[in-house]
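# Residue-level structural notes
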2 protein chains.
Amino acid sequence: MVTTHSASTDTVPFVLPDYLAERQARVEAALDRAIEVVYPESIYESMRYSLLAGGKRLRPILCLASCELAGGTVEMAMPTACGLEMVHTMSLIHDDLPSMDNDDYRRGHLTNHKVYGEDVAILAGDALLAYAFEHIAEQSQAVPPERLIQVMAQLGRAVGAAGLVGGQIVDLASEGTEVSLETLNFIHRHKTAALLEVSVVSGAILAGAPADTRQRLSRYAQNVGLAFQIIDDVLDLTSTPEALGKSVGKDLAAQKATYPSFWGIDESQRQAQQLVAAAKAELSAFGPLRQPLVAIADYIAARTH
Amino acid sequence: MVTTHSASTDTVPFVLPDYLAERQARVEAALDRAIEVVYPESIYESMRYSLLAGGKRLRPILCLASCELAGGTVEMAMPTACGLEMVHTMSLIHDDLPSMDNDDYRRGHLTNHKVYGEDVAILAGDALLAYAFEHIAEQSQAVPPERLIQVMAQLGRAVGAAGLVGGQIVDLASEGTEVSLETLNFIHRHKTAALLEVSVVSGAILAGAPADTRQRLSRYAQNVGLAFQIIDDVLDLTSTPEALGKSVGKDLAAQKATYPSFWGIDESQRQAQQLVAAAKAELSAFGPLRQPLVAIADYIAARTH
């Protein structure tokens, strides 16, 4: 795991905003190249509208960082990183639909169905989901095929009924009802943490990491994922639409259970800090290449939008 | 390609209804085993409701037959066969949605969203699509991983904007407008033929068939797929809801362009027969194991429901 790159991170101080900006730019460029607009244009435009609408690109960046941590390269992981963002975008497009969360705005822009209509938005989500697998299968280079099979198996699981979709189902069924902390944890472990987990673990799989590395990274991601959601709930109560780029106070209005509704804001923040500390502890066995994942965990705990 | 099985098809006369019944039963059993109902039950029940609602299982059966034709086994192809039916079911669930074709009945039963609600129906489709890839990746045995990668790349392409979704987009955009025969062909080559094509071609890939075999099977499937659609259009005009298990006359009511609207019923039937003849001609190079694919082509041309 001693590479030229790790040597350079020893000497050059690690600055997260610079790191994130550089990685975001590479991911943006790869996503932009991944989908060309051809006939029938409306579907490709609709896919690109949501895929290229900004966002932190946290999932792709985690995948790339994890692949490097485990001895792989950015090039090996970029198609999977893009596939993860396509899946994430699909879930946002479908979650925003009138029959789901019925959101008009996302990241400060009109949601996909407000621009292209509900039918095209549903199909754009379907196409992004299918294309994620196609893109990983077609574009991955210098990765043994059995690793790609593992990545696709885990990605399918993270999106489906045992992952994201299962979390969204329980979330929808819980609206307006009193839910237990256990149910709230189920929702977020599936709706948010599952895709973050596969983002990190897939990078390690692509690099051929041993099982114990994958398990450490899996626990890192689960803890970070839950912390991310707790902070999200807190921000929905404490932030402004301008800072957040989306509506706020929605959870209260929809009578959704949130972590602050169980613990209050202060204790929620404390729990998030604890999860982030546990996440970082999982990384202590690794060398300097753990720095991005450590800094991202800290960033998630401290983020204000 | 000389196997015990091909020897037996030489001596035992081939009877398509028996063959289809036996294959349907095996596919049904595999689909039934593929999805267990666990918490949160509603999503698994919704997925199973549509996946196990009957149907001809044409896509899985084509995949199995093509794999055997190319020297493989049913066991090698069954997970992919099930994945194809999951993808097909996803497309039916989403096509039936109010914002798409707005259908209340499918195969004589209430459509998924009429039973489970629009939100669950959208998510059930998403979960089936994701699970198709997971199932192929997890369950395929005795298949070299590079073949599975190819299958998943082609399946993703057949479902996405370059396949099924692209066809549906043009179909939706064409409603109530006058479309050319070229556009009608585009719709059906993508909406119907693309998934039939990957059904046949994936079987051949799994068996490790050479490129010329895959190309013959690809042309077979494209021709059969278009014939299938032409007959579908004819049946919408000439059949009854009882025989068809779904509404009839819908194309006329929706002012949808159909092959009979260009050619009339008789010429449409003649064109379908020609396509079936061309499909069968592609198979002439193969031995007795071509029998199921030949018989299925004839069956599609002659079907009345």
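Residues numbered from 1 in each chain as written. Chains lettered and ligands numbered in written order. Predicted model: local features only at pLDDT ≥ 70, side-chain atom pairs only at ≥ 80, totals over all residues. Heavy atoms only, no water.

- The name given to chain A in an unreviewed UniProt entry is dimethylallyltranstransferase, with the source organism recorded as Vasconcelosia minhoensis LEGE 07310.
- UniProt, in its Cofactor (unreviewed entry) section for chain A, records the words "Mg(2+)". (UniProt positions renumbered as here; feature names shortened; annotations may be inferred.)

### Side note on the interface of chain B and chain A
- The interface of chain B with chain A comprises 44 residues on the first partner and 44 residues on the second.
- Roughly 3,700 Å² is buried in total at the junction of chain B and chain A, and carbon and sulfur atoms are behind 77% of that figure.
- The three residues of chain B that bury the most area against chain A are L123, I149 and I169 of chain B, which together make up 15% of that side's buried surface.
- Taken together, the connections running from chain B to chain A amount to two salt bridges.
- For E134 of chain A, the salt bridge is made with R157 of chain B, and the minimal N-O distance between the two is 3.8 Å.
- Linking chain B to chain A there are seven residue pairs in polar contact (both at pLDDT 80 or more).
- Secondary structure elements with two or more residues in the side of chain B that touches chain A: α3 (41–51), α5 (74–95), α7 (118–139), α8 (145–159), α9 (164–174) and α10 (181–206) of chain B.
- The biggest single contributor to the side of chain B that touches chain A is α7 of chain B, with 13 residues.
- Here the side of chain B that touches chain A is composed, by residue class, of 29 nonpolar, eight polar and seven charged. (Contact = heavy atoms within 4.5 Å. Buried area = accessible area lost by both parts, 1.4 Å probe. Salt bridge = Lys/Arg side-chain N within 4 Å of Asp/Glu carboxyl O. Polar contact = N/O pair within 3.5 Å; in protein donor to acceptor, adjacent residues only side chain to side chain. Helix = DSSP H or I, 4+ residues; strand = E, 2+ residues; numbered from the N terminus. Nonpolar A, V, L, I, M, F, W, Y, C, P; charged D, E, K, R; others polar.)

### Some words on the packing of aromatic side chains
All names here are of chain A.
- Within this structure, the stated rule accounts for nine aromatic pairs over all chains.
- Centroid distance Y49 to Y116: 5.6 Å. Interplanar angle 70°. Geometry classified as edge-to-face. Placement of the pair is Y49 in helix α3 (residues 41–51) and Y116 in helix α6 (residues 112–116), with a sequence separation of 67 residues. (Phe/Tyr/Trp six-rings, centres within 6.5 Å; stacked < 30°, edge-to-face > 60°.)

### With respect to the pattern of salt bridges
- Inspection of the entire model under this criterion finds 30 salt bridges over all chains.
- The salt bridge involving E267 of chain B is made with R270 of chain B; its shortest N-O contact spans 3.0 Å. A residue pair is termed a helical-turn pair when its members lie 3 or 4 positions apart in one helix, as E267 of chain B and R270 of chain B do in helix α14 (residues 259–282) at three residues.
- The class of R270 of chain B is partly exposed, set by a relative accessible area of 43%.
- Across the pair K280 of chain B and D298 of chain B runs a salt bridge whose closest N-O atoms are separated by 2.6 Å. In this pair, K280 of chain B is assigned in helix α14 and D298 of chain B in helix α15 (residues 291–302), connecting sequence segments 18 residues apart.
- When salt bridges that share partners are traced, they join E22, R23, R26, E68 and E75 of chain A into one network. (Buried < 20%, exposed > 50% of the residue type's maximum accessible area, 1.4 Å probe, protein only.)

### A look at the packing of helix α2 (residues 16–34) of chain B against helix α4 (residues 58–69) of chain B
Residue and element names in this part refer to chain B.
- Following both chains from N to C, one finds α2 and α4 inclined at 105°, their axes separated by 10 Å at the closest point. It follows from the interaxial angle that α2 and α4 lie roughly perpendicular. Every residue of α4 that contacts α2 at Y19, L20, R23, Q24 and V27 is listed here: P60, I61, L64, A65 and E68.
- Its residues assigned to classes, the contact of α2 with α4 shows seven nonpolar, one polar and two charged. (Axes fitted to C-alpha atoms, helices over the stretch in contact; angles between N-to-C directions. Parallel < 35°, antiparallel > 145°, perpendicular 65-115°, else oblique.)

### A word on the relation of the copies chain B and chain A
- Superposition of chain B onto chain A requires a rotation of 180° combined with a translation of 0.0 Å along the rotation axis, giving an RMSD of 0.0 Å. Such a combination of rotation and displacement between the chain copies is what one expects of a two-fold axis. Closest approach to the rotation axis among the C-alpha atoms of chain B is made by P145 of chain B, whose C-alpha sits 2.8 Å away.
- Most of the interface of chain B is mirrored in chain A, where 100% of its interface residues are also at the interface. (Least-squares fit on C-alpha atoms with pLDDT ≥ 70 in both.)

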